[in-house]
Each structure stands twice: as structure tokens, then as C-alpha cells.
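# Working through the structure, step by step
Given next are the chains, with one letter for each unit.
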Amino acid sequence: MRFTEEQELFRTTVREFVDKEINPHADAWEAAGIFPAHELFPRLGELGLLGLEYDPRWGGQGADHTWTLVYGEEFGRCAASGVAMAVSVQTDMATPSLHRFGSDELKERYLVPAVRGDMVAAIAVTEPDAGSDVAGLRTRAVRDGDEWVVNGSKLYITNGTQADWLCLLARTSDDGGHRGMSQIVVPTDVDGFSVSRKLDKLGQRSSDTAELSFVDVRVPVANTIGEIGRGFQQQMAQFQNERLIAAYMAIGNLQLALDRTITYVQERQAFGRSLGDNQWIQFKLAELVAEVDLTRQYCYACAEAITSGADPLTVTKMASIAKLKTGRLSREVADWCIQFHGGIGYMEETWTARYFRDSRLLSIGGGADEVMLRIIAMLAGIGKA
Amino acid sequence: MREVDSETMKIVVCVKQVPDSWAEKTLGADNTLDRGSVDAVMNELDEYAVEEALRLQEAHGGEVIVLSMGPSQTTDTIRKALSMGADSGVHVIDDGLHGSDAVATSLALAKAIEGRGADLVIFGSESTDARMSVVPAMVAERLGLPQLTFSSSVSVEGSTVRTNRVTEYGYDVVEASLPALVSVVEKINEPRYPSFKGIMAAKKKKVETVDLAGLGVSADQVGLAGSWSAVEEAAARPPKAKGTIVTDDGAGGTAIADFLSAQKFI
Ligand SMILES: Cc1cc2nc3c(=O)[nH]c(=O)nc-3n(C[C@H](O)[C@H](O)[C@H](O)COP(=O)(O)OP(=O)(O)OC[C@H]3O[C@@H](n4cnc5c(N)ncnc54)[C@H](O)[C@@H]3O)c2cc1C
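Cut-offs and rules
Residues numbered from 1 in each chain as written. Chains lettered and ligands numbered in written order. Predicted model: local features only at pLDDT ≥ 70, side-chain atom pairs only at ≥ 80, totals over all residues. Helix = DSSP H or I, 4+ residues; strand = E, 2+ residues; numbered from the N terminus. Buried ≥ 20, exposed ≤ 12 C-beta atoms within 10 Å, placed from the backbone. Contact = placed C-beta atoms within 7 Å. Rg over C-alpha atoms; globule rule 2.2 N^0.38 Å. Near = placed C-beta within 6 Å. Nonpolar A, V, L, I, M, F, W, Y, C, P; charged D, E, K, R; others polar. Domains from an automatic or database assignment. Core = buried A, V, L, I, M, F, W, Y, C linked by C-beta atoms within 7 Å. pLDDT = per-residue confidence, 0-100. Axes fitted to C-alpha atoms, helices over the stretch in contact; angles between N-to-C directions. Parallel < 35°, antiparallel > 145°, perpendicular 65-115°, else oblique. Left-handed = near helix turned anticlockwise from the far one by under 90°. Pairing = 2+ DSSP bridges. Expected span 1.5 Å × (residues − 1). Bend = angle between axes of the 7 residues up to and from the residue.

### Details of the overall build of chain B
- Within chain B one finds 8 helices and 11 strands.
- Dimensions of chain B, computed from the C-alpha atoms along their principal axes, are close to 75 × 45 × 40 Å.
- Taking all 266 residues of chain B together, 41% fall into the buried category.
- Counting only contacts in chain B whose residues sit at least 6 apart along the sequence, the fraction spanning at least 24 positions is 72%.

### Focus: the overall build of chain A
- For chain A, the count of helices and strands is 13 helices and 10 strands.
- A compact globule built from 385 residues should have a C-alpha radius of gyration of about 21 Å, and chain A, at 21 Å, falls within 12% of that.
- Taking the principal axes of the C-alpha coordinates as reference, chain A spans close to 80 × 45 × 40 Å.
- Per-residue burial for chain A yields a buried fraction of 50% across its 385 residues.
- Considering only contacts in chain A between residues 6 or more positions apart, those separated by 24 or more positions represent 73%.

### Re the site of the ligand
Residues and elements named next belong to chain A.
- Within the structure, the ligand sits among 24 residues, and Val125, Gly131, Ser132, Thr158 and Glu370 are positioned closest to it.
- Here the residues of the shell around the ligand are counted per class, giving 12 nonpolar, 9 polar and 3 charged.
- Counting only domains with at least three residues in the shell around the ligand, you end up with domain 2 (122-227) and domain 3 (232-379).

### A short note on the interface of chain B and chain A
- With 11 residues of chain B at the contact, the number on the chain A side is 12 residues.
- Mapped by element, the contributors of at least two residues to the side of chain B that touches chain A are helix H2 (74-84) and helix H5 (196-202) of chain B.
- Of the residues forming the side of chain B that touches chain A, the biggest block, 4 residues, is contributed by H5 of chain B.

### A short note on the nonpolar core
- With 173 residues, the main nonpolar core has Val13 and Val66 of chain B as its most contacted residues.
- Ranked by residue count, the leading element in this core is helix H10 (residues 312-341) of chain A, at 12 residues.

### Quick notes on the confidence of the model for chain B
Residue and element names in this part refer to chain B.
- Model confidence for chain B is summarised by a mean pLDDT of 91, while 97% of its residues fall at 70 or above.
- Between the elements of chain B, mean pLDDT differs from a low of 88, seen in helix H7 (residues 223-226), to a high of 98, seen in strand S5 (residues 88-92).
- With a pTM of 0.92, the predicted complex shows an ipTM of 0.93.

### Concerning the packing of helix H9 (residues 279-307) of chain A against H10 of chain A
Residue and element names in this part refer to chain A.
- With their axes 10 Å apart at the nearest point, H9 and H10 run at an angle of 155° to one another. In terms of orientation, H9 and H10 fall into the roughly antiparallel class. Helix-helix and strand crossings are classified by hand; for H9 and H10 the assignment is left-handed. Across the interface between the two elements, Ile281, Lys284, Leu288, Glu291, Val292, Thr295, Tyr298, Cys299, Cys302, Ala305 and Ile306 of H9 pack against Thr314, Val315, Met318, Ala319, Ile321, Ala322, Lys325, Thr326, Leu329, Val333, Trp336 and Phe340 of H10.
- Partitioning the contact of H9 with H10 into residue classes produces 17 nonpolar, 3 polar and 3 charged.

### Focus: the domain arrangement of chain A
Residues and elements named next belong to chain A.
- Split into domains, chain A comes out as domain 1 (5-119), domain 2 (122-227) and domain 3 (232-379).
- Of the residues lining the interface, 21 residues belong to domain 1; the matching set on domain 3 comes to 20 residues.
- For the side of domain 1 that touches domain 3, the secondary structure elements donating two or more residues are helix H4 (65-75), helix H5 (81-93) and helix H6 (96-101).
- Counting residues per element, the side of domain 1 that touches domain 3 draws most heavily on H4, which supplies 8 residues.

### Quick notes on the sheet that holds strand S11 (residues 207-210) of chain B
Residues and elements named next belong to chain B.
- Ordered by their spatial adjacency, 9 strands build an open sheet running S9-S8-S7-S10-S6-S1-S4-S5-S11, and the pairing between neighbours is mixed. For this open sheet the edge positions go to strand S9 (170-177) and S11, each flanked by a neighbour on one side alone. Adjacent strand axes in the sheet meet at a mean angle of 30° when their direction is disregarded.
- For S5 and S11, the ladder comprises 4 bridges, and the chain directions are parallel. Bridge assignment links Val92 to a residue of S11, and that residue is Val210.
- In the packing of helix H1 (residues 44-60) onto the sheet, contacts are made with strand S1 (10-14), strand S4 (63-69), strand S6 (120-124), strand S7 (147-157) and strand S10 (180-184), and the angle to S6 comes to roughly 150°.

### Examining the packing of H4 of chain A against helix H8 (residues 231-267) of chain A
Residue and element names in this part refer to chain A.
- Put simply, H4 and H8 touch, their axes get as near as 6 Å, and they point 50° apart. As far as their axial angle goes, H8 and H4 are oblique. Where H4 crosses over H8, the handedness of that crossing is right-handed. Facing H4, whose interface residues are Thr68, Leu69, Gly72, Glu73, Glu74 and Phe75, H8 presents Ile245, Tyr248, Met249, Ile251 and Gly252.
- The residue inventory of the contact of H4 with H8, partitioned by class, reads 6 nonpolar, 3 polar and 2 charged.

### Some points on H10 of chain A
- For H10 of chain A, built from 30 residues, the straight-helix expectation of 44 Å at 1.5 Å per residue is met to within 8% by its first-to-last C-alpha distance of 43 Å.
- In the stretch just after H10 of chain A, Gly342 of chain A is the one whose phi turns positive, near 70°.

### Thoughts on helix H7 (residues 104-116) of chain A
All names here are of chain A.
- For H7, built from 13 residues, the straight-helix expectation of 18 Å at 1.5 Å per residue is met to within 8% by its first-to-last C-alpha distance of 17 Å.
- Considering bend angle alone, the principal kink of H7 is centred on Tyr110 and spans about 30°; proline Pro113 follows within four residues of it.
- Among the residues of H7, those classed as buried are Lys107, Tyr110, Leu111, Ala114 and Val115.
- Buried residues in H7 make contact with helix H3 (37-47), H5, H6, strand S1 (121-124), strand S4 (165-171) and strand S5 (181-187).
- One or two residues past the end of H7 sits Gly117, with phi positive at roughly 90°.

Below, the structure is given as C-alpha cells:
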């Protein structure tokens, strides 16, 4: 893929912003278990980062998907992956459905401020008893005149403690299974909504993750995104954005991790030479360089498929493959980075420790590896798992 | 003296492209910096200059022209300033400029600024590659403009520009009537990042290229031939010598004192 001069300049903007405005705070935000989304997001909004592909009518930049790839790769280099993940929830996980299917009034009210960075958004799908199996979710919205009355709970919700609104997936009829769900915008200042608890995590610690509770929460039926009863299908489309941005960010982070490890093994001396003089280490790292390069090219192919208008099934298959492969590769690379750093790699003061913990999420969040495999098996005609 | 109103306030900002400060720099056969071999960026202090110009424009209206002298890749730096918000660019480019020292550079820049009707010319106070801090003063001298260098704040009111001039003991408040030349120090502001909109808008902005003939400067006034100073010889910086480690066996203090006195520090 060839990037334009403008895209290269934009890449520099994102890289410098991450280096100068986020990374210096990474340690403090990791320790605090949260970052100040309401301070950071408006600054990202100013740069045009929160609505790259959205219609300028709603404050977006009207850019093509390649720009999302550039933003993802660069933001992926963030010293606190939790912040990158939280930003990507705002850009590619909680808002795409609203942009695609939402009414003008709903977009005016919730999308415009989210693109400006004045409102923080979250995506609320997972529940205590429904993660991989989205069709099993139980949170229910019952219609009462012009209002939905929502009851239930959501688990592991990123931005959960500081979100101003949620893109909620709830059951709105008794059809069961994939049918009868709707996506509803739920502002978090309504009666009956509460954050049950902020969750303590293995990694991504700068991102706040929460369990949310809904007790007789009333929201207008007009807050429904798109068609009533099409929530599952709309969410499946939204998942493709989620999986792609996760893969793009992983690529940026993978490259950075390898570069840093290569520098380290060249400097560290043992047995009278640098670690990098050992063929085993050279070959292992060369292998990983090759894997990262292949995977990056696959991600670029995904971006091109989208910009050239590939059909939804092709996009779904490619996004699933990209997410699966970047997830697995991130685990492998993080493991080797620690291995070749030795003891210092195991220390919290070295970047490797955080990367090891953070990178583990990719094979679980946004659909576990096995869920990606299910989709790929289905789309490749191997069978229905 | 010029009364500045929003229609006419014209600011020329001079920016330089420099090698990334951490990059390994090499010299060419003629002992000049090999600019092609390193990643080039906008001189950091010049980002503050551009930002200050944009802020003045936001307050008073008018126009910001970014001016840069350098080889072809200098367009990247001009683009960046345009993406930050400057209105148009001037690129001074000519093979004959290669190897120009500060005096020669100031001639080319002054000629390029002359006749543009600038109310204010803004520079960063030094470049990270040469670190001489003399070009702004030389350009001011050539243009016959008052110079307000090392400014940590700049404000314009009517026909007066007022700055805080950083000194060893704090700062002096100095002022001059327009047109004038100002150089700014680090931390005068927080330079903005080029936004998506800024980057796309820059695509349509005009960049004028000017060569020596266009400036009315002859080849023997600039470049290696026209420079007053020349680098005769250059040697690589010697590797850092290993320091002396003093183990404190009770006489550590004496050892340190002996060392300092041997170096004539005490
Ligand atoms: C840090 C973090 C942030 C998150 N943020 C959000 C968020 O913002 N919004 C949101 O809605 N959710 C979020 N999630 C939830 C995430 O999407 C789910 O955890 C994920 O989809 C897996 O669901 P589960 O945890 O219920 O695991 P389960 O569904 O219980 O699955 C457990 C494991 O079983 C395996 N498995 C599952 N199904 C199959 C199968 N059919 N065949 C073979 N193996 C299978 C997989 O290995 C899987 O990891 C987040 C999770 C984490 C950890």
C-alpha cells in the first residue's frame, strides 16, 4: 500500500501526539486504573481523530478507511494500550452503528459530541452470562408507550465508569436467539443506571472497565439505533470495525515491541558478545519480523478491501482473520520480548511487563480467537461449529 | 510606523528544516552537513514561531506566510507549517545556496522577505543543527528592522509590538514600532499539531519557489563561495572517555577534592 503525503503527515501528527501528550502520563494513568477521557478526547476531537470516516455533517472528516489504518497503527504504539483501546471504543466500537443507522436527531444529540470529544461513549454488549454467545444476552428493554424500560446488567464495559452514553444491545422481544434485539443509546445520567463496580484487571490498566446495572431505566424509543429488532445484525456489522481497529493497533505495537527488543539484544552483552550475535536469537527475531510483516500486509489488504467496497461477507472474513492473527502474534511476540530481555524483562519498570499483560487481551476481547475461528470456518465453508 | 488592522497585518515566519536531533549526522566531502542522509524535521523552535504567528493572526486577522530556504525536501517542512494553518509558503531553493553560512543565509532570507510588506517577521531563536542564534539579528540588520530577539511573549497593539526578552536574570519588556523582527524562545506557547482538516486544507495552499535570480542575488554572494566562514577540517567527536570511579574507603572525599583540583575546578 502507498500512503499519500497527507497521510504521512497525519501519521506524524498522531505519533507526536501520542509521544508528547499521552506517553508521559502512561505510568500515572496505569497506576490510577483510569485515564481522564473527558480531558483527552476533546484534544483528539480537535485533531479530527474521533470521526475520521464520518460524514462532515456530523462533525466527521469524510476520510476513507485508509486513514483509520494510519491512526490505528500509530495509536497502537501508545505506552499504555489501555488508552489506545479506550479511544478505539469511542471511534470504532461504540459509534459506527449510530453513524450508519441512527436517525438525524440521535446523531445530532450523541454522535456530534462524541466526534468532538465532549461526550465519552461505551459499547455495552457483554453480560455475565453472554460473552462469546451474544445471542444469549438477557438484558431486556420492554416498551411502555414511547419509552423503553431497561433491566439487566452488562459486564467488562470499557470506559464504563466515565461514559456519557452507551450503545446498548438489549433484547426487545421474545423472539429469542439472534432475533428480537435492538441497539439503544442509553445516556448514563438516567435514573436506574449505575456502575456496580469498577473491575481490576491483569492488563490494560489505564482503561476503566466496569460492570453496569440497569433497574427500570427509561429511555425514549426514539433512542433506538436503526431498526427495532435488527440490533444483533447491526452489532455484527459494528464488530467488523472493532476487530479491524484492534488489528491495526496491534500492528503498530508489534513493530515497536520488536524494534525495541532488537535494539536491546544488540546492546546487552553476554559470553563476550552481544545477545544479538547469537544465531538462535537472530533467527527467532527474524522469524517474528517476517510474521509481523506478513500480518501488516494482510491488515493493509483489509483496509484496501474496505476502501474498494468489498462485500460484507468478505470484510467479515478478513476482519476475523486479521483479529485472530494479530491476537496470536501479539501473544507470541510479547513472550519472546520478555524472554530475550531476561530478568529485566520481567520487571515492572521495563515496558515488556506491561506489554505482556496488555497484549493478552487481543485474543479475548472483541470476540475470542475461537469465535473468530467459528466465523472463518463458517465463511470458508468448513462447517457450522 | 504602521498602524496594523486586521486587513493588512502580514506576518512572515521563517522556518528551517533540520536533521532530527537524535539522528547520526554525517558531513559531505565539502564539510557541509549531508542533509539527504538523515530524517529531516521542522526545527523545533520554529514550530513555536509558526504557532505564535498563528495566534497573532487569530487575534488580529491578516495573513501568515511561511518562508524556508533549503533543498527540495524542504517542501515537507513548509507543508507542515501550512497544515498548522499558515496561509501560503515561499520556498527559496537554488543549488548555488549549498554551503551558505549564517551571513550568506541572512542575505538570501532578507532578499526573500524584502518587498512582501511584512509587518512582522518571526524566527525561532536558533536552529538545532547550527545553534548560532545569529540569523534573525542579521536579517533584521539587512532589512533595517528593529529586532526583538529571545522573546518569551509577543503582543501587538496598534503599531507597536511588545515582547518579553529573556535575560540571565529574568526578562526585559521591550517594544518597537512595526514593521519589526521577533525571534522566539522555547515554551513561548504550545505549538498545535497539524489536524486532519489542516493537512487537507494545506493541499490547496500556494507555495511559491524563488531561486537566486529571482532574489536578485548573485552566486558569488552566497553558497560556499560567498560565505565569510569556511569549515577547513572536521573530525568525529571522540568517544566518551571512561570516567574515574572513586571507591570510598574512607578517603573518598580527599580523592574527589584531589580530582577537582587537578582539573583546576577548585
Ligand atoms: C479488558 C476487557 C474489555 C472489554 N470491553 C468490552 C466492552 O467495552 N464492551 C463489551 O460488550 N464487552 C467487552 N469485553 C468483553 C469481551 O468481548 C468478552 O470477554 C469476550 O467476548 C469473551 O466473552 P466471555 O468473557 O463471556 O467468554 P466466554 O464466552 O465465557 O468464553 C470463554 C472462552 O471459551 C472459548 N470459547 C467460547 N466459545 C467457544 C466456542 N464456540 N468454541 C470453542 N471455544 C469457545 C474461548 O476461548 C473463550 O475465551 C471486554 C473484555 C475485557 C477482558
